[in-house]
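# A closer look at the structure
Given next are the chains, with one letter for each unit.
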Amino acid sequence: QVQLVESGGGLVQAGGSLSLSCAASGRTFSRYYMGWFRQAPGKERDFVAGITGSGATPYYADSVKGRFTISRDNAKNIVFLQMNSLKPEDTAVYYCAATWGRTATRAAAFEYWGQGTQVTVSS
């Protein structure tokens, strides 16, 4: 079992920045593929970004490409999501997720989830 806890959410003006963190428990964190997802009220949970165990290969949804950066610190069991140039449409609950499997963008492919952290971007 892997436990994930997100932090760093909050309220920010459009054009501003936030940095999210996901702290993981477990002895094999570096072997997991990590992802960030987000879900707005009444909408599906959508893929935002993913990163391989080594941190060498990040993946991004088109909607956030060029604005968000995913990274990880395997020595500290933490994955980050740096969010810049935020837009009101980025408003959602952001979830950290982990899978022992392959690269994926489907929520159903991830075995472990945090409880989420709210990000609100005002216009």
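Just so you know, these numbers come straight off a predicted model, no measurement behind them.

Tallied over the full model, the rule gives 9 aromatic pairs. Where tyrosine 32 meets tyrosine 112, the ring centres are 6.0 Å apart and the plane angle is 75°; that geometry is what we call edge-to-face. Here the residue tyrosine 32 occupies a position in the loop between strand S3 (18-24) and strand S4 (33-39), and tyrosine 112 occupies one in strand S10 (residues 112-113), the gap between them amounting to 80 residues. Judged by relative accessible area, which is 9%, tyrosine 32 ranks as buried.

Another aspect to go through is unusual backbone geometry. Residue asparagine 77 is not a glycine yet carries a positive backbone phi of 55°. With respect to the helices and strands, asparagine 77 occurs in the loop between strand S7 (68-73) and strand S8 (78-83).

Another point: the nonpolar core. Counting 37 residues, the largest nonpolar core has Leu4, Met34, Trp36, Val79, Leu81, Met83 and Tyr94 as its most contacted members. Residue assignment for this core shows that the elements contributing at least two residues are S3, S4, strand S5 (46-51), S7, S8, strand S9 (92-99) and strand S11 (117-122). Among the elements that line this core, the one with the most residues is S9, at 5 residues. Non-local contacts of tyrosine 94, meaning those with residues more than four positions away in its chain, are made with Glu6, Leu20, Trp36, Phe37, Arg38, Val48, Phe68, Leu81, Met83, Gly116, Thr117 and Val119.

Before going further, it helps to spend a moment on the state of the cysteines. As enumerated under the stated definition, the model contains 1 disulfide in all. In this model cysteine 22 forms its disulfide with cysteine 96; the gap between the sulfur atoms is 2.1 Å. Across the S-S bond linking cysteine 22 and cysteine 96, the dihedral sits near -80°, which makes this disulfide left-handed. One end of the pair, cysteine 22, is in strand S3; the other, cysteine 96, is in strand S9, with 74 residues separating them in the sequence.

Take the sheet that holds S8 next. Taken in spatial order, the 4 strands line up as S1-S3-S8-S7 in an open sheet, and their pairing is antiparallel. The open sheet has two edge strands with one neighbour each: strand S1 (4-7) and S7. Here the strands of the sheet are splayed against their neighbours by 15° on average, with no regard to which way each runs.

Here is what the cut-offs are and how they apply
Residues numbered from 1 in each chain as written. Predicted model: local features only at pLDDT ≥ 70, side-chain atom pairs only at ≥ 80, totals over all residues. Heavy atoms only, no water. Phe/Tyr/Trp six-rings, centres within 6.5 Å; stacked < 30°, edge-to-face > 60°. Helix = DSSP H or I, 4+ residues; strand = E, 2+ residues; numbered from the N terminus. Buried < 20%, exposed > 50% of the residue type's maximum accessible area, 1.4 Å probe, protein only. Core = buried A, V, L, I, M, F, W, Y, C linked by side-chain atoms within 4.5 Å. Contact = heavy atoms within 4.5 Å. Disulfide = S-S within 2.5 Å. Pairing = 2+ DSSP bridges. Axes fitted to C-alpha atoms, helices over the stretch in contact; angles between N-to-C directions.

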